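Structural overview for review
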Amino acid sequence: LFRSAPTGPSLLVVASAGSGKTTTIVQGASLLPDWTTNRFLAFNKNIATELESRLPRNCVSSTFHSAGMNALGALLPKRPRVDAQKLNFLLRTILKGKPLFTTYATPCRKLVGYAKNNFLREGCGPASWQQLIDHHGLTHEGTDSELILFSQKLLTASIADVSHIDFDDMLYLPLVLNAPFQKSPNVFVDEAQDTNPVQREMLTRMLAVGGRLIAVGDPSQAIYGFRGASTDAMNELRTQFNMTVLPLSVSYRCSQAVVKEAQPYDKGLTL
């Protein structure tokens, strides 16, 4: 599947704990033709940096956030300043008056964060926002209708302010501003079980025409639900990118006795 051509079917490797997920796709990357320029996406900077020494020279390693920042840098005349307090600053203008700010500041920030990670677009109606409130069990002292109204205004203001960005903006703004992503014939993704809608949209824009996605993950290790990843993230990847599913089921992390003891509790995932 790797040696036959620079591109081919997209692959989803469903891996159990300790089965060598990262090692497997690093080895896969080394089998691609030297003349292709490919991308490897990791979930944190330490892993991305570590992989630089393990990947072939024709495979660029980065985080999703770094890829988003690079796309923004190619679009904007001046690199934006990273400001974790961006939404707080904008909210003080939107929520004029201390009682409103006290009531809605925290839930507004959370809801707009959920919206960005779920790639909710500016102009989406109240029903889409309400789904996020219900899904994340977002409780607050105000009313949902006011929370949605203020959150819609905050999202609009956040998109308009491209001189400052927060962590969520690094993924969201390049997409809504149609920033140019560097395209690759093969894109590798580690920890695929933790991808969310905004990251999946980024992947579509990173793939060259006819390119393929090679993703590996363990659905039993999904931990990023707080930022939009779902327990069904790998199934969503498979459907969106028409992926061929491959198993990686042998664990090298512990003895056979430990694996046998754990097996009755492993519900697995049908893909």
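Reference entry: report on the structure contained in this document. All values derive from a computational prediction rather than experimental measurement.

1. Here's the deal with the packing of aromatic side chains
- Within the structure shown, the criterion is met by four aromatic pairs.
- Consider the rings of Phe-40 and Phe-188, whose centres lie 6.2 Å apart with planes at 10 degrees: the pair is stacked. Of this pair, Phe-40 sits in strand S2 (residues 38-42) while Phe-188 is found in strand S6 (residues 184-189), placing the two residues 148 residues apart along the sequence.
- On the basis of relative accessibility, which here comes to 0%, the residue Phe-40 falls in the buried class.
- Its guanidinium or amino end placed over the ring of Phe-101, Arg-92 lies 4.3 Å from that ring's centre, counting from NZ or CZ.

2. Overview of the pairing of S2
- Burial analysis of S2 places five of its five residues in the buried class, which makes it a mostly covered element.
- One ladder, built from five bridges, connects S2 with strand S3 (residues 59-63); its direction is parallel. Bridged to Arg-39 within S3 is Val-60.
- Across three bridges, S2 lies against S6 in parallel orientation. Bridge assignment links Leu-41 to a residue of S6, and that residue is Val-189.

3. Considering the packing of helix H4 (residues 86-94) against helix H7 (residues 144-160)
- The interhelical angle for the contact between H4 and H7, taken along N-to-C directions, is 120 degrees, at an axis separation of 10 Å. Classified by the angle between their axes, H4 and H7 sit oblique to one another. In the packing of H4 onto H7, the handedness of the crossing is right-handed. Between H4, through Lys-86, Leu-87, Leu-90, Leu-91 and Ile-94, and H7, the contact on the second element is made entirely by Phe-150, Lys-153, Leu-154, Ala-157 and Ser-158.
- Partitioning the contact of H4 with H7 into residue classes produces seven nonpolar, one polar and two charged.

Conventions we followed
Residues numbered from 1 in each chain as written. Predicted model: local features only at pLDDT ≥ 70, side-chain atom pairs only at ≥ 80, totals over all residues. Heavy atoms only, no water. Phe/Tyr/Trp six-rings, centres within 6.5 Å; stacked < 30°, edge-to-face > 60°. Helix = DSSP H or I, 4+ residues; strand = E, 2+ residues; numbered from the N terminus. Buried < 20%, exposed > 50% of the residue type's maximum accessible area, 1.4 Å probe, protein only. Lys NZ or Arg CZ within 6 Å of the ring centre and 35° of its normal. Pairing = 2+ DSSP bridges. Axes fitted to C-alpha atoms, helices over the stretch in contact; angles between N-to-C directions. Parallel < 35°, antiparallel > 145°, perpendicular 65-115°, else oblique. Left-handed = near helix turned anticlockwise from the far one by under 90°. Contact = heavy atoms within 4.5 Å. Nonpolar A, V, L, I, M, F, W, Y, C, P; charged D, E, K, R; others polar.

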